[in-house]
2 protein chains.
Amino acid sequence: MTTAGLPMTFPLDGLPARVRIHEVGPRDGLQNERAIVPVEVKAEFVRRLADAGLTTVEATSFVHPKWVPQLADAEELYPRLTGPDGPSGVRLPVLVPNERGLDRALALGARDVAVFGSVTESFAKANLNRTVEESLTMFAPVVDRAKEAGAHVRGYLSMCFGDPWEGPVALDRVVDVARRLLDLGCDELSLGDTIGVATAGHVGALLTALDDGGVDNTRLAVHFHDTYGQALANTLAALRHGVTTVDASAGGLGGCPYAKSATGNLATEDLVWMLQGLGVETGVDLGRLIATSEWMADRLGRPSPSRTVRALSHKEQ
Amino acid sequence: MTTAGLPMTFPLDGLPARVRIHEVGPRDGLQNERAIVPVEVKAEFVRRLADAGLTTVEATSFVHPKWVPQLADAEELYPRLTGPDGPSGVRLPVLVPNERGLDRALALGARDVAVFGSVTESFAKANLNRTVEESLTMFAPVVDRAKEAGAHVRGYLSMCFGDPWEGPVALDRVVDVARRLLDLGCDELSLGDTIGVATAGHVGALLTALDDGGVDNTRLAVHFHDTYGQALANTLAALRHGVTTVDASAGGLGGCPYAKSATGNLATEDLVWMLQGLGVETGVDLGRLIATSEWMADRLGRPSPSRTVRALSHKEQ
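In the nomenclature of an unreviewed UniProt entry, chain A corresponds to Hydroxymethylglutaryl-CoA lyase from the organism Streptomyces alkaliterrae. You can read under Sequence similarities (unreviewed entry) in the UniProt record for chain A the words "Belongs to the HMG-CoA lyase family."

> Sorry, what's going on with the interface of chain A and chain B here?
Frequently, the measure chosen for interface size is the accessible area removed from exposure when the parts meet. Chain A puts 50 residues into the contact, and the matching count from chain B is 48 residues. Between chain A and chain B, roughly 4400 Å² of surface is buried when both sides are summed, and carbon and sulfur atoms account for 60% of that area. One can count two salt bridges joining chain A with chain B. Where Asp 226 of chain B meets Arg 307 of chain A, a salt bridge forms, and the shortest distance between an N and an O atom there is 3.1 Å.

> Any chance you could explain the sheet that holds strand β9 (residues 245-248) of chain B here in plain terms?
Neighbouring strands of a sheet are bound in pairs by backbone hydrogen bonds; such pairs are parallel or else antiparallel. Residue and element names in this part refer to chain B. In space, the nine strands of this open sheet follow the order β2-β1-β9-β8-β7-β6-β5-β4-β3, with parallel pairing throughout. Every other strand in the sheet has two partners, leaving β2 (56-57) and β3 (60-61) as the edge strands with one partner each. Looking at chain direction, strand β7 (residues 188-193) and strand β8 (residues 220-224) are connected through five bridges and run parallel. Bridging across to β8, Leu 191 finds its partner in Val 222. Relative to strand β5 (residues 112-118), helix α6 (residues 132-148) is tilted by about 170 degrees, and along the sheet it contacts β5 and β6 (152-158).

> Would you mind going over the relation of the copies chain A and chain B with me for this structure?
Between chain A and chain B, the superposition needs a rotation of 180 degrees and an axial shift of 0.0 Å, giving an RMSD of 0.0 Å. Considering both components of the superposition, the chain copies are consistent with a two-fold axis. In terms of C-alpha distance to the rotation axis, chain A has Ala 233 of chain A as its closest residue, with the C-alpha 2.1 Å off the axis. Same-surface contact between copies: 96% of interface residues of chain A are shared with the interface of chain B.

> Mind showing me how you'd approach helix α4 (residues 99-107) of chain A here?
Owing to its 3.6 residues per turn, the α-helix brings residues three or four apart onto one side. Residues and elements named next belong to chain A. Turning to α4, its buried residues number three or more, namely Gly 101, Leu 102, Arg 104, Ala 105 and Leu 106. In the core, the buried residues of α4 are packed alongside α3 (74-82), β4 (94-95), β5 (112-118) and α6 (132-148). Between the side-chain oxygen at the start of α4 and the backbone nitrogen of Arg 100 there is a gap of 3.3 Å, and the oxygen is on Asn 98. Two residues or fewer after α4 comes Gly 109, characterised by a positive phi angle close to 95 degrees.

> I tried to follow the confidence of the model for chain A on my own but got confused; where do I start?
Close reading of the predicted structure is inappropriate where its pLDDT is low. Across chain A, pLDDT averages 93, with 95% of residues at or above 70. This model gives residues 257-262 of chain A a pLDDT under 50, and the stretch forms 18 contacts once residues within four places in sequence are excluded.

> Help me understand helix α7 (residues 171-184) of chain A in this model?
Residues and elements named next belong to chain A. With 14 residues, α7 should reach 20 Å at 1.5 Å per residue; the first-to-last C-alpha distance of 20 Å fits that figure. Here α7 has its buried residues at Val 174, Val 175, Val 177, Ala 178, Leu 181 and Leu 182. Turning to α7, the residues buried within the fold contact β5, α6, β6 (152-158), β7 (188-193) and α8 (200-212). Following α7 by one or two positions, Gly 185 adopts a phi angle in the positive range, close to 120 degrees.

> Quick question: what am I supposed to make of the sheet that holds β5 of chain A here?
All names here are of chain A. Spatially, the nine strands line up as an open sheet ordered β2-β1-β9-β8-β7-β6-β5-β4-β3, and their pairing is parallel. Edge positions in the sheet fall to β2 (56-57) and β3 (60-61), since each of these pairs with one other strand and no more. Pairing of strand β1 (residues 20-23) with β2 involves two bridges; the strand directions are parallel. Counted as the bridge partner of Glu 23 is Val 57 from β2.

Rules used throughout
- Residues numbered from 1 in each chain as written.
- Chains lettered and ligands numbered in written order.
- Predicted model: local features only at pLDDT ≥ 70, side-chain atom pairs only at ≥ 80, totals over all residues.
- Heavy atoms only, no water.
- UniProt positions renumbered as here; feature names shortened; annotations may be inferred.
- Contact = heavy atoms within 4.5 Å.
- Buried area = accessible area lost by both parts, 1.4 Å probe.
- Salt bridge = Lys/Arg side-chain N within 4 Å of Asp/Glu carboxyl O.
- Pairing = 2+ DSSP bridges.
- Helix = DSSP H or I, 4+ residues; strand = E, 2+ residues; numbered from the N terminus.
- Axes fitted to C-alpha atoms, helices over the stretch in contact; angles between N-to-C directions.
- Least-squares fit on C-alpha atoms with pLDDT ≥ 70 in both.
- Buried < 20%, exposed > 50% of the residue type's maximum accessible area, 1.4 Å probe, protein only.
- Polar contact = N/O pair within 3.5 Å; in protein donor to acceptor, adjacent residues only side chain to side chain.
- pLDDT = per-residue confidence, 0-100.
- Expected span 1.5 Å × (residues − 1).

Below, the structure written as structure tokens:
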């Protein structure tokens with residue numbers, strides 16, 4: 001450990017020189033917190049994350065407010081982020097479930113959107129009340145019209161490594177849905193381990209299967225949850241396969257450290273610690289990021305579940 | 001996830017077929033818990049760990065009772081473990097700081113002992129009140145006499161990746177102390193990341209330096225703390241370098257999940273989840289191990305910090 005609270009640097013062969021962190025704290029994190037955070041706090045959170053060097057901050061979701069009350073203020077939040085007091089030089093993707101959501105996002109000037117698909121029928125039903133096929137049919141005009149508007153489109157794939165209802169998920173099902181989403185016109189796909197069951201070999205096998213199936217790994221992001229403590233080891237496995245975009249949540253937001261099912265995202269700080277140690281560039285200032293997560297933890301009234309935040313916190317907890 | 005609460009299996013190239021887990025919960029774990037656990041609970045804990053399939057359970061420490069009150073009952077505990085009600089077919093190593101400690105351990109029939117050295121002067125001073133050189137001089141007759149008695153001797157090396165007072169630790173200092181401990185006659189060395197700062201590349205660099213310095217990696221164990229969330233990724237890096245012994249603590253004992261400096265050991269359950277997913281044999285029954293950690297958490301009156309224990313717990317927490 002250096003005096004600055006950073007690890008020593010030792011590169012590993014076969015890793016990318018640079019990783020883009022797709023920060024999901026304000027959306028995936030806050031969506032899964034019990035507290036409903038005021039819009040001005042959210043705006044400040046995004047601004048601080050950008051100041052810490054994060055270049056992609058998923059800001060909110062244009063789902064129907066009744067489904068995700070934590071993000072019901074999307075219409076109010078988004079203009080604050082793109083206005084004169086918002087962060088500059090940062091991509092601010094937003095989720096759009098359907099054409100109605102896309103209309104709302106485009107009307108506010110969003111040009112970075114994401115659809116969220118599922119690999120499994122059970123989760124497609126639970127999350128979208130549709131079959132996988134029906135959800136792809138629903139996404140088709142969303143992606144088309146987003147592309148026409150000049151937007152970058154990300155496609156999320158949930159339950160790539162296991163499903164709470166169905167159990168194991170076959171690799172070829174993931175490959176099939178991934179190809180379908182790329183065929184619709186998605187620019188990037190994010191492979192979600194929604195229930196956190198993947199291990200490093202599974203990650204390697206899926207990325208190999210995708211590559212064999214014509215899905216270039218450089219178009220992929222990985223989105224790991226730390227339910228079984230595997231998220232960082234799995235990320236390392238993905239980087240060895242050419243993935244250069246990693247989803248993470250500042251402070252580990254979204255996973256309550258005291259809950260039975262702590263299905264939180266990989267904490268951005270733990271990821272940055274590893275990448276800093278590996279000499280992989282992220283552009284993130286770890287000290288500023290930790291200060292941001294501490295600030296947010298104060299707003300939420302509970303400590304951060306990120307181990308790195310706890311280790312380097314300036315507060316007694 | 002299978003219905004049995006186990007991950008799917010996908011082997012990774014270059015990993016060992018089998019890993020021996022050196023379980024440190026009863027010693028390193030309980031030593032760092034605030035509570036002082038009754039001797040009969042400790043004996044039952046070790047018995048349950050052995051029943052879960054762990055073949056090496058570090059049982060206690062023969063340091064002077066005044067330094068580690070949590071383990072002051074070593075003289076009472078050890079005979080319970082080796083008596084008719086103790087576990088069978090399990091190695092029960094104990095720590096011995098000096099000849100006096102060795103005498104006590106040998107008198108009780110211990111034939112599996114460990115000395116604990118430090119790579120850094122600061123920690124040698126803090127932990128043993130000696131220089132590194134003086135501590136090696138102190139260990140020489142301990143190792144000699146242990147070997148004469150037919151004992152297996154492990155040498156711990158603390159602060160291999162960083163030191164809270166000195167900061168960065170040079171690789172060649174670790175190689176030097178490791179060679180010295182092997183020259184004294186140690187059968188096995190455990191590389192400790194006592195403050196949890198290592199990242200995967202650092203692990204690889206140190207193992208390469210040790211190999212280049214004549215220290216065969218198959219004689220090494222790794223002992224990671226999860227302070228910055230890196231323990232499992234670091235373990236995976238070590239396995240790729242031929243290490244086949246991994247230290248871990250059942251339930252993540254020893255790291256309070258609510259403390260600022262959560263310097264706990266890697267949780268055995270999170271390790272087993274990964275190894276099971278990678279198809280690496282451990283002989284451990286994950287369900288039984290989780291039940292043991294839940295039982296111990298009840299005795300300690302607080303939930304386990306292991307994410308896998310929390311995810312698969314049968315209790316509401």
